[in-house]
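Single-letter residue listing:
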Amino acid sequence: MPLTPEEQKKARRKALLLLEHMDRTEKGLSDRLRQAGFSIEAVEDALAYVRSYGYLDDDRYAENYISYRIGTKSRQKLLQELCQKGVDRETAQRAWERAAELTEPDEQALIQAAIEKKYAPGSCLDDKEIRRLYGYLQRRGFSWGDISQVLEKMEISRKRDNGEDDSFDREKCETIP
């Protein structure tokens, strides 16, 4: 069925309304317009319309997304989130490189801040706590090597399991390999 002028106008208006409240990716806007019941032709026309005015730009979206979150999330996590939002990997990578030029991201500082929320420097953790901590940080996109370096720097060690009581004793701790 051909695109009617009325549907074209409504789709364009809806696209502008959605972009008025927040920046969106091309995929995100397309999905929202499809959810609103517009035909594929109307969605494509509305995307072309807002793109022609510069209102829809995945490069700009990726740069803004990364610049606001570069101090709180790992590089890997940010790139993954952008890909889930429909930004292609190359665009996300370019945006990361541009943002990293302006702000030197320190992933080890992010790891240390996350660990300090849970444990004090110099803590002695059992195997279960160590596994949970590594899992928590790896799910946030941090590498095993970076996590290990930060744990070593913070002097967080692992409790030796020798079948004795769980009372704290610094001599029962060993460094984490």
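Residues numbered from 1 in each chain as written. Predicted model: local features only at pLDDT ≥ 70, side-chain atom pairs only at ≥ 80, totals over all residues. Heavy atoms only, no water.

1. Focus: the packing of helix H2 (residues 26–35) against helix H3 (residues 40–52)
Taken N-terminus to C-terminus, the directions of H2 and H3 make an angle of 140°; their axes are 10 Å apart at the nearest point. In terms of axis orientation, H2 runs oblique to H3. Pair H2 / H3 crosses with right-handed handedness. Across the interface between the two elements, Glu26, Leu29, Ser30, Leu33 and Arg34 of H2 pack against Ile40, Val43, Ala46, Leu47, Val50 and Arg51 of H3. In the contact of H2 with H3, the residues fall into seven nonpolar, one polar and three charged. (Axes fitted to C-alpha atoms, helices over the stretch in contact; angles between N-to-C directions. Helix = DSSP H or I, 4+ residues; strand = E, 2+ residues; numbered from the N terminus. Parallel < 35°, antiparallel > 145°, perpendicular 65-115°, else oblique. Left-handed = near helix turned anticlockwise from the far one by under 90°. Contact = heavy atoms within 4.5 Å. Nonpolar A, V, L, I, M, F, W, Y, C, P; charged D, E, K, R; others polar.)

2. Comments concerning the packing of aromatic side chains
Remark: the centre distance and the inter-plane angle together describe each pair of aromatic rings, the angle taken between the planes. By the definition in use, this model includes four aromatic pairs. When the ring of Tyr53 is compared with that of Tyr55, the centres are 5.9 Å apart and the planes differ by 20°; the resulting orientation is stacked. The partly exposed category is assigned to Tyr55, whose relative accessible area is 41%. Centre to centre, the rings of Tyr61 and Tyr65 are 6.0 Å apart; their planes meet at 25°, and the pair counts as stacked. (Phe/Tyr/Trp six-rings, centres within 6.5 Å; stacked < 30°, edge-to-face > 60°. Buried < 20%, exposed > 50% of the residue type's maximum accessible area, 1.4 Å probe, protein only.)

3. As for the packing of helix H7 (residues 107–118) against helix H8 (residues 127–139)
Close contact between H7 and H8 brings their axes to 11 Å; oriented N to C, the two are set at 140°. Put simply, H7 runs oblique to H8. Seen from above, H7 lies across H8 with right-handed handedness. Touching Ile111, Ala114, Ile115 and Lys118 of H7 are Leu133, Tyr136 and Leu137, all from H8. Counted by class, the contact of H7 with H8 contains six nonpolar, no polar and one charged residues.

4. Thoughts on the side chain of Thr25
Among the secondary structure elements, Thr25 is positioned in the loop between helix H1 (5–21) and H2. In this structure the side chain of Thr25 is engaged in a polar contact, spanning 2.8 Å, whose partner is the backbone oxygen of Lys85. Here Thr25 is in contact with Leu56, Asp58, Tyr61, Lys85 and Val87, once residues within four sequence places are set aside. (Polar contact = N/O pair within 3.5 Å; in protein donor to acceptor, adjacent residues only side chain to side chain.)

5. Looking at unusual backbone geometry
In the Ramachandran plot, Glu155 falls in the positive-phi region, its phi being about 60° despite a non-glycine side chain. Summarising the element assignment, Glu155 is placed in the loop between helix H9 (144–153) and strand S2 (157–159). On the basis of relative accessibility, which here comes to 58%, the residue Glu155 falls in the exposed class.

6. Observations concerning the nonpolar core
In this structure, Ile111, Ile115, Leu133, Leu137, Ile147, Leu151 and Ile156 are the most contacted members of the largest nonpolar core, which totals 17 residues. Listed by contribution, the elements that provide at least two residues to this core are H7, H8 and H9. Counting 14 residues, the second largest nonpolar core, distinct from the first, contains Ala62, Leu78, Ala92 and Ala99. (Core = buried A, V, L, I, M, F, W, Y, C linked by side-chain atoms within 4.5 Å.)

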